[in-house]
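Summary of the model geometry
If you want the building blocks of each chain, they are given just below.
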Amino acid sequence: MKILGCFKIVPDLDLIAEEDWIADGQLQVDTSYAKLSWNCFDEGALEMMLKLSDLSEGFDVVYELNALTVGRQRHESFLKTLYALKFEHAVRVEAEEDQDIRFCPEIIAELVAGYIAGTSPQDVVVMGMQSSEGCNMKTPLLLAEALGWPCITEVTALEPVDEGHLKVTSEEDGRTAVQVVGVPCVLAVGNAPSSYLRVPTLKDKMKLGKKPIEHIVPDWEQLLEKEQNVELTELAAVEERRDAVLIEGGTPEEKARELYESYLKGRLEKI
Amino acid sequence: MAIISREQIVEGLVDILGSEQVVTDEQVLKESSLDRYRKYEQVCEVYTQPIPAAVVYVKSAEEVSEVLTFANDNEINVVPRTGQSAIEGGLETALKDSVVIDGSTMNKVIKVDEYNMQVTCQCGVPLQELDDMLRERGYTTGHSPQSKPLAQMGGLVATRSIGQFSTLYGGIEDMIVGMEAVFPNGKICRIKNVPRRAAGPDIRHIICGNEGALCYITEVTLKLFKWQPDNNRYIGYMLDDEYMKLGFDCLREVMVEGYKPSFARLYDAADAQQHFSAWLPEGKAILIWMAEGPANITPAIEAGIKEMMSKHPELEEVDPKLIEKWYGGLNWGPEQIAEEKEEIKATQNIGITTEVSGSWDNIYDIYKTACDRILEEVPDMTLMGGHSSHSYINGTNMYFVYYYNIVDCAPEEEINKYHDRINQIICEQVIKYGGSIVHHHGLGKARAKYVTQEYGSSYYMLKTLKQAFDPNGIMNMGTLIPLRK
Amino acid sequence: MRYHCIIDAYSEDIIRQMEELYAFKTAFLQEAEEGVSYVLCRNRTVVERLGRRISGSAVAIIAEDYSPESVLEALGKETDLEDIYIFGSGICGTELSVRLAARMKGSSVAAVHGLEWKEHVTVKKMVYASHMEGTFRMKKGPYCISLAKGMDRQELEHGTFHIMKEMQCTGLPESVVSRKTTANEAAGGLDEAKVVIAAGRGIRNKENADYLRETAKALGGELGVSRSAAMNAWAPMNRMIGVSGAMLQPDICITAGVSGAAAFYAGIEKSKFIVAINTDGQAPIMKKADVAVADDFVPVVKALRELAER
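What you are looking at is a predicted structure, and each value in this text was computed from that prediction instead of being measured.

A tally of regular secondary structure across chain C gives eight helices and 17 strands. Here chain C has a C-alpha radius of gyration of 21 Å; the compact-globule value for 310 residues is 19 Å, and the two agree. C-alpha atoms of chain C, sized along the principal axes, occupy 60 × 45 × 40 Å. Taken over 310 residues, chain C has a buried fraction of 59%.

See below:
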């Protein structure tokens, strides 16, 4: 079974200083100094693929794990990491620095669909529900529509069944669904516990990390020229400030008393 | 080891301190039996060290004195602690029925003396709180170790710690003025606060760096400096990882020319990727300086360093804004520790550090040969690298940073299979080339076994100090001087 | 141009969905022409039994079990290319809105909290992990949006939808071989709680989370946790606060060991009163709280609890 894990590399937005949350003339925020990491939902998705593969013994299924990202040259180290974790094939769709594709899930979905339909057929696509930057929550859904595949969202676990099926656990509104589904399908990963990706050894990095990465160079001009159905027109910082009265006191107990007597007691009584 | 029973120890302590200050909760005792040297055991909640009889919270030097006298009379091993950020085994309770003396409730800032530029505080004052408070008044201690959100004054002085701005302000040994400490026989000693004196040896250094093996620190006075961050200048250069030798030479040049940046660092490529992956290409090492101080000095330091560096075609300048932004998010506190714990549990991948120092003529060899040997001899390594972060006129330090996967290994075995083995390789290489195996985390118990090699003939002096001040052997046994097995 | 609401009656929180939809249309669609509501349900009696409504008439889209594929097929037949379709804030709302728009060649935006309908349809939503608010122009109908979580609510009119049509969906798609659902353990009233203790990764471990849960109970409230605390399994996933969890508006919210990441803060920003307890006096949360205590939460909360229990 061929599984494509799609992921995005994002800056750690927690490291962006408060004063840096401003959009420039191109409606972009400078996050270039923040450390890069896997988008958390995608990291969960990739680890889920590896766990599925760990479980394959005894099921007589061979999982071929592949990975694709749309991103910059700098993001290739992440693809190398996946090679070292025994991913079969890694692809980078080249995206240059000055193109803001954070809010263009249509284009990303089209690129992935094009890769699957035109270059490398896959049985399953696994990816995170959303990214921390765009927060579009659209890419996996649009991809499913583009491919004409069913899509399960908020996936939290995968288990093997056979060459043509997977057991998928997912969250729905107020319930958990466990389904055995046939391929092909798109699986969008939501809040999965323990979603840290494992770490390859340096030896595996040396041995496997040098495998060539496939590059796809899309015609960005053409892609971006095509009118988007949804366009970002404004981007504004959200400022959250309250009184922030700092409670003084020598010991935690004194502070707690002041907090309780002056601020909480009355409010709690009203409730 | 104690000549009275565990129960009698607890009873005796309750008699002195009252039951509120004596904790015997099992979980607290277990967690007090080790420090972050045994990080994996901590994560797995497996405890291999003897569990202490009690953790006591002390409120004054007099209480410390009474507890120590009781311990001394009954030969009970005590482990002094404050902020609990130790990472070299200094807080391990190596002997049965030990007592942990926690000074974190002695947390009063006694006096901020702005005229004489010094601040006096009790041993449990958290450095972060102290420095934040001082900065609001326009001052700083100049001490800013990465453990700042956790560490407290007693532990900082006891371990001879050093901060990120050491190149300008020095280590804690350069910042201390007077101190108060309690010795095992209950004697409370106070060293007065004076700018300098030549009345015999500097006895402050019996206290500073004693790692709880000679006395218990109860009060510390530190120097104050003006806090003027608006004048800070940042300077950065990237270079290919293969030019690490040149990187060390660049650090040296700046020191030798007489500049005093507050911050001087060299990261190798592996370590640099952990911090600067957003913009630093893979395979690039990085050199960083920060100039701090009066407004007419920092631009001069900046210009001086830039001029020297411009002569090295191997260096490529980095936008100083990127360095400044990185510097804004450097410290490491309880949240990071909690997060790391879960990450280790999920991935079985663990990261550790070991810091050493060397002269300019051997630091590169220490760095290179230790890295090479570890990669060759230790299995399952996922990252091996390091940085130099404290430079002197005659040499610098090396902070090794390494990660490995724990594969097919019980929590009890991890230390032997991985951590000690790596530590040993580093120490062997340092001793071979003539550096020091400890730059600023303390010998603890982890590296005490190398103490005779580290000290050579001067080990006589250390041993004599121990015998003189702690004849009954109750002060943090196994630290500094290894236990006889 | 009209607007239509889509209601998921498979979910337990149907009234809340309707209240949010109702408030949204009152706030942003006063001038627009009301369309019908589409109710996704097992049978028409579900719709009749509601006793409330948000529009005069409704179309019942009926299937034994929820499946996005079969609902989309039915909805697609009804969609008018000029109209606005408003979905609820749940998981189903997002997936249906995006996929319906894709099928009908229209435009979609998920997790919307504001709308303007003049020359164009423009909507507002949070981006960059809730650090920024984006305004988006939607260029092609049908305009499909899902609401952001935790939007204001408005009490519903009593009355029953006039069911103008029933549409029977095809069953589960062929690709589903078997399907079993279990109702999630309710989050124990976190959504409705008047007092919430919100715990972040600074609480360090599960034992502390348990202690805070008991304390919350003692104060007559509930415990919620940040994403990282939930990911560390210190509390169940359904206790998670923030853009990917619950969006709350309690009278009192006490945060412990929370740093104040925007995506988390969005989940408590509508609290009437926020107390922040954090060892780090410089943590961003301290400025976003009404009252802040710079100290370890353990002794502070312990003392608070004793005071409250007195």
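Turning next to the overall build of chain A. Along its length, chain A carries seven helices and 13 strands. Counting only C-alpha atoms, chain A reaches 65 × 50 × 40 Å along its principal axes. Looking at chain A as a whole, 47% of its 271 residues are labelled buried. Excluding contacts between residues fewer than 6 apart, the proportion of contacts in chain A whose partners are at least 24 apart in sequence is 71%.

Let us now look at the sheet that holds strand E13 (residues 245-246) of chain A. Pairing is parallel across the open sheet formed by six strands, whose spatial order is E13(A)-E17(C)-E16(C)-E15(C)-E13(C)-E14(C). Of all the strands in the sheet, just E13 of chain A together with strand E14 (222-225) of chain C have a single pairing partner and so form its edges. In this structure, strand E15 (residues 252-256) of chain C lies alongside strand E16 (residues 273-278) of chain C, joined through five bridges in parallel fashion. What sits directly across from Cys253 of chain C, in E16 of chain C, is Ile274 of chain C. On top of the sheet, helix H7 (residues 252-270) of chain A reaches E15, E16 and strand E17 (291-294) of chain C; it is set at about 160 degrees to E17 of chain C, its chief contact.

Relative to the elements of secondary structure, Glu133 of chain A occurs in the loop between strand E6 (124-128) and helix H4 (139-147). C-alpha of Glu133 of chain A to C-alpha of Tyr33 of chain A: the two residues are 100 residues apart in sequence and 15 Å apart in space. Look past the residues within four positions of Glu133 of chain A in its chain and what remains in contact with it is Val10 and Arg102 of chain A together with Tyr128 of chain C.

On to the pairing of E17 of chain C, then. Of the two faces of E17 of chain C, the one carrying Val291 and Val293 of chain C and the one carrying Ala292 and Ala294 of chain C are both buried. For E13 of chain A and E17 of chain C, the ladder comprises two bridges, and the chain directions are parallel. Bridge pairing in E17 of chain C links Leu246 of chain A to Ala292 of chain C. Here E16 of chain C runs beside E17 of chain C; their pairing, made up of four bridges, is parallel. Each residue of the ladder has a partner; that of Asn278 of chain C, found in E17 of chain C, is Ala294 of chain C.

Before going further, it helps to examine the packing of helix H3 (residues 68-78) of chain C against helix H4 (residues 91-103) of chain C. All names here are of chain C. Close contact between H3 and H4 brings their axes to 10 Å; oriented N to C, the two are set at 50 degrees. Comparing their axes, H4 and H3 come out oblique. Here the hand of the crossing between H3 and H4 comes out right-handed. Of the residues in H4, those in contact with Pro68, Val71, Leu72, Leu75 and Gly76 of H3 are Glu95, Leu96, Arg99, Leu100 and Arg103. Classifying every residue of the contact of H3 with H4 gives six nonpolar, one polar and three charged.

A few words on the domain arrangement of chain C. Taken domain by domain, chain C consists of domain 1 (2-168) and domain 2 (195-309). On the domain 2 of chain C side, the residues contacting the six residues of domain 1 of chain C number eight residues.

Now for unusual backbone geometry. All names here are of chain A. Look at the link from Val183 to Pro184: it is a cis peptide, with omega at 0 degrees. In this model, Asp60 sits at a positive phi of 60 degrees, which is unusual for a non-glycine residue. With respect to the helices, strands and loops of the structure, Asp60 is situated in the loop between helix H1 (40-54) and strand E4 (64-71).

In this section: the interface of chain B and chain A. Between chain B and chain A, the contact holds 21 residues from the first and 16 residues from the second. Mapped onto the side of chain B that touches chain A, the elements with two or more residues apiece are helix H13 (320-328), helix H14 (334-347), strand E17 (381-388) and strand E19 (395-405) of chain B. Its residues placed into classes, the side of chain B that touches chain A shows 10 nonpolar, seven polar and four charged.

What follows concerns the nonpolar core. Counting 331 residues, the largest nonpolar core has Val189 of chain A, Val99 and Val157 of chain B together with Ile86 of chain C as its most contacted members. The element contributing the most residues to this core is helix H3 (residues 105-119) of chain A, with eight residues. With residues near it in sequence (within four places) discarded, Ile86 of chain C still touches Tyr3, His4, Cys5, Ile6, Leu21, Phe24, Ile145 and Leu147 of chain C.

Looking now at the interface of chain A and chain C. Much of the literature gives interface size as the accessible area that the parts lose upon coming together. Residue-level contacts link 65 residues of chain A with 80 residues of chain C. Sort the elements by how many residues they give to the side of chain A that touches chain C and H7 of chain A lands first, with 11 residues. Here the residues of the side of chain A that touches chain C sort into 32 nonpolar, 13 polar and 20 charged. Taken together, the seven bridges between strand E12 (residues 230-237) of chain A and strand E8 (residues 132-138) of chain C define a ladder with antiparallel strand orientation. Bridging across to E8 of chain C, Glu231 of chain A finds its partner in Arg137 of chain C.

Sheet strands associate in pairs through backbone hydrogen bonding, adopting either a parallel or an antiparallel arrangement. Residue and element names in this part refer to chain B. The sheet built from four strands is open, its strands ordered E1-E2-E4-E3 with mixed pairing. This sheet does not close on itself; its edge strands, each paired only once, are strand E1 (22-23) and strand E3 (78-81). Note: E1 against strand E2 (residues 54-57), two bridges, orientation antiparallel. In the strand pairing of E2, Val22 is matched with Val56. Strands E1, E2 and strand E4 (99-102) of the sheet are contacted by helix H1 (residues 6-17), whose axis makes an angle of about 10 degrees with E2.

Residue and element names in this part refer to chain C. Here Asn43 shows up in the loop between strand E2 (33-41) and helix H2 (44-49). For Asn43, a count of 13 C-beta atoms within 10 Å translates into the label partly exposed. Taking the C-alpha atoms as reference points, Asn43 and Glu82, separated by 39 residues in sequence, lie 29 Å from one another.

For chain A, the domain assignment lists domain 1 (2-225) and domain 2 (241-271). Distance from the C-alpha centre of domain 1 of chain A to the C-alpha centre of domain 2 of chain A: 45 Å.

Turning next to helix H16 (residues 414-433) of chain B. Residues and elements named next belong to chain B. Between its first and last C-alpha atoms H16 spans 28 Å; for 20 residues at 1.5 Å apiece the expected length is 28 Å, and the two agree. Along H16, the sharpest kink reaches roughly 35 degrees, centred on Asp420. If you check which residues of H16 are buried, you get Glu414, Ile415, Tyr418, His419, Ile422, Asn423, Ile425, Ile426, Cys427, Gln429 and Val430. Tucked into the core, H16 has its buried residues touching helix H3 (39-44), strand E16 (349-359), helix H15 (363-377) and E19. Positioned one or two residues after H16, Gly434 has a phi angle of 95 degrees, which is positive.

This part is about the packing of H3 of chain A against H4 of chain A. All names here are of chain A. Contact geometry for H3 and H4: axes closest at 8 Å, N-to-C directions at 45 degrees. Regarding the angle of H3 to H4, the classification is oblique. With respect to the hand of their crossing, H3 and H4 are arranged in right-handed fashion. Contacts between H3 and H4 involve Pro105, Glu106, Ile108, Ala109, Glu110, Val112, Ala113 and Ile116 from the former and Thr139, Leu142, Leu143, Ala146 and Leu147 from the latter. Taken together, the residues that form the contact of H3 with H4 break down as 10 nonpolar, one polar and two charged.

About the thresholds
- In this numbering scheme, every chain counts its residues from 1 along its sequence in written order.
- For this description, chains carry letters from A and ligands carry numbers from 1, given in the order in which they are written.
- Residue-level local features of this predicted model are given only where pLDDT is at least 70; pairs of side-chain atoms are given and counted only at 80 or more, and the full residue set underlies all totals for whole chains, interfaces and linings.
- Numbering of helices and strands runs from the N terminus; a helix is a DSSP stretch of H or I covering at least four residues, while a strand is a stretch of E covering at least two.
- The reference for a compact globule is 2.2 Å times residues^0.38; the radius of gyration itself is calculated from the C-alpha atoms.
- Here the C-beta atoms are placed from the backbone, and a residue counts as buried if at least 20 other C-beta atoms lie within 10 Å of its own, exposed if 12 or fewer do, and partly exposed otherwise.
- C-beta atoms are first placed from the backbone for all residues, and any pair lying within 7 Å is then listed as a contact.
- Strand pairing is assigned whenever DSSP identifies at least 2 bridges connecting the two strands.
- Axes here refer to lines fitted to C-alpha atoms; in helices the fit is confined to the stretch in contact. Angles between the N-to-C directions go from 0 to 180 degrees.
- Should an angle lie under 35 degrees it is considered roughly parallel, over 145 roughly antiparallel, and from 65 to 115 roughly perpendicular; all remaining angles are considered oblique.
- Each crossing gets its handedness from the near helix: less than a right angle anticlockwise from the far helix is left-handed, clockwise is right-handed.
- Nonpolar residues are Ala, Val, Leu, Ile, Met, Phe, Trp, Tyr, Cys and Pro. Charged residues are Asp, Glu, Lys and Arg, and all others, Gly as well, are polar.
- In this entry, domain limits derive from an automatic or database-based domain assignment.
- We call a set of buried Ala, Val, Leu, Ile, Met, Phe, Trp, Tyr and Cys residues a nonpolar core when their C-beta atoms link them within 7 Å.
- By definition here, a helix of n residues has an expected span of 1.5 Å times n minus one.
- Bend, in this description, refers to the angle at a residue between axes fitted to the seven residues ending there and the seven starting there.

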